[in-house]
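Structure assessment
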Amino acid sequence: SLEEIVQAARAELAPELRARVVLARCEPAAVAHVDGPLLSGCLRRVIENALEATEELVLIVARLEQGEASFTVVDGTPSTLGPGWQPAPFRTTKPNHLGLGLALTQRDVALLNGRLQFLSTPGGETCVRITLPSLETSR
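Every value quoted in this text rests on a predicted model; they were computed, and no experiment measured them.

What counts, and at which threshold
Residues numbered from 1 in each chain as written. Predicted model: local features only at pLDDT ≥ 70, side-chain atom pairs only at ≥ 80, totals over all residues. Heavy atoms only, no water. 1 Å grid on protein atoms, 1.4 Å probe; cavity = no way out; pocket = protein on both sides within 12 Å on 5 of 7 lines; lining within 4 Å. Points joined across faces, edges and corners; volume = space filled by probe spheres on them. Helix = DSSP H or I, 4+ residues; strand = E, 2+ residues; numbered from the N terminus. Nonpolar A, V, L, I, M, F, W, Y, C, P; charged D, E, K, R; others polar. Buried < 20%, exposed > 50% of the residue type's maximum accessible area, 1.4 Å probe, protein only. Salt bridge = Lys/Arg side-chain N within 4 Å of Asp/Glu carboxyl O.

Its volume calculated, the second largest pocket comes out at about 250 Å³. Around the second largest pocket, the lining comprises 13 residues; the ones closest to its centre are Arg-63, Glu-65, Ser-70, Thr-72 and Arg-129. Contributions of two or more residues to the lining of the second largest pocket are made by β3 (58–65), β4 (68–78), β5 (115–120) and β6 (125–132). Here the residues of the lining of the second largest pocket sort into 3 nonpolar, 5 polar and 5 charged.

With respect to the helices and strands, the residue Ile-60 is situated in strand β3. By relative accessible area, which is 0% here, Ile-60 ends up buried. Sequence-wise, Ile-60 and Leu-43 are 17 residues apart; in three dimensions their C-alpha atoms are separated by 9.6 Å.

Attention now goes to the environment of Cys-42. Along the chain, the position of Cys-42 falls in helix α3 (residues 36–53). For the pair Cys-42 and Arg-107, spaced 65 residues apart in the sequence, the C-alpha separation amounts to 9.4 Å.

Located in the positive-phi region is Gln-66, a residue other than glycine, with phi close to 50°. Inspection of the secondary structure puts Gln-66 in the loop between β3 and β4. With relative accessibility at 84%, the residue Gln-66 sits in the exposed group. Positive phi is not limited to glycine here, since Asn-113 has a value of about 60°.

Scanning the entire structure with this criterion turns up 5 salt bridges. In this structure, Arg-63 engages Glu-65 in a salt bridge whose closest nitrogen and oxygen atoms are separated by 2.5 Å. Judged by its relative accessible area of 27%, Arg-63 is partly exposed. Using a relative accessible area of 41% as the deciding quantity, one classes Glu-65 as partly exposed. A salt bridge links Arg-115 to Glu-68; the nearest nitrogen and oxygen atoms lie 3.8 Å apart. With a gap of 47 residues between them, Arg-115 in strand β5 and Glu-68 in strand β4 connect regions that are remote in the sequence. Of the residues examined, Arg-115 reaches a relative accessible area of 36% and is grouped as partly exposed. Salt bridges here are not isolated pairs; linked through shared partners, they connect Arg-45, Arg-107 and Asp-108.

Note that all results are geometric; they support no functional claim without further evidence.
Put into structure tokens, the structure is as follows:
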């Protein structure tokens, strides 16, 4: 289920980080037939990036609409992402990191026939969305 995917991603975080992740909306009965471990790993990397960007809470919205499952992660940092922004592999400002998290996520989401979008909310916060279209779904 969508909720299981989100909870699996959240469970992989350290307890102090897990406490800062809020699930705003999840349809517990919504089921998407997809590689759950691969998808939850993608979602975990996006959540980790959001948690590193802010000291505040990170919001996750999981939805199923018209055959598409979407997982949106919003953090409170002002968005600096312009239209069409894409992550560059091997670029990072973080010590002891390789800068591969978002590039790997992008690759894995593509393997799932999905898309990874980097957006800004109407309030100007950073927003990352994983969308998996045309899934065989049930409620």
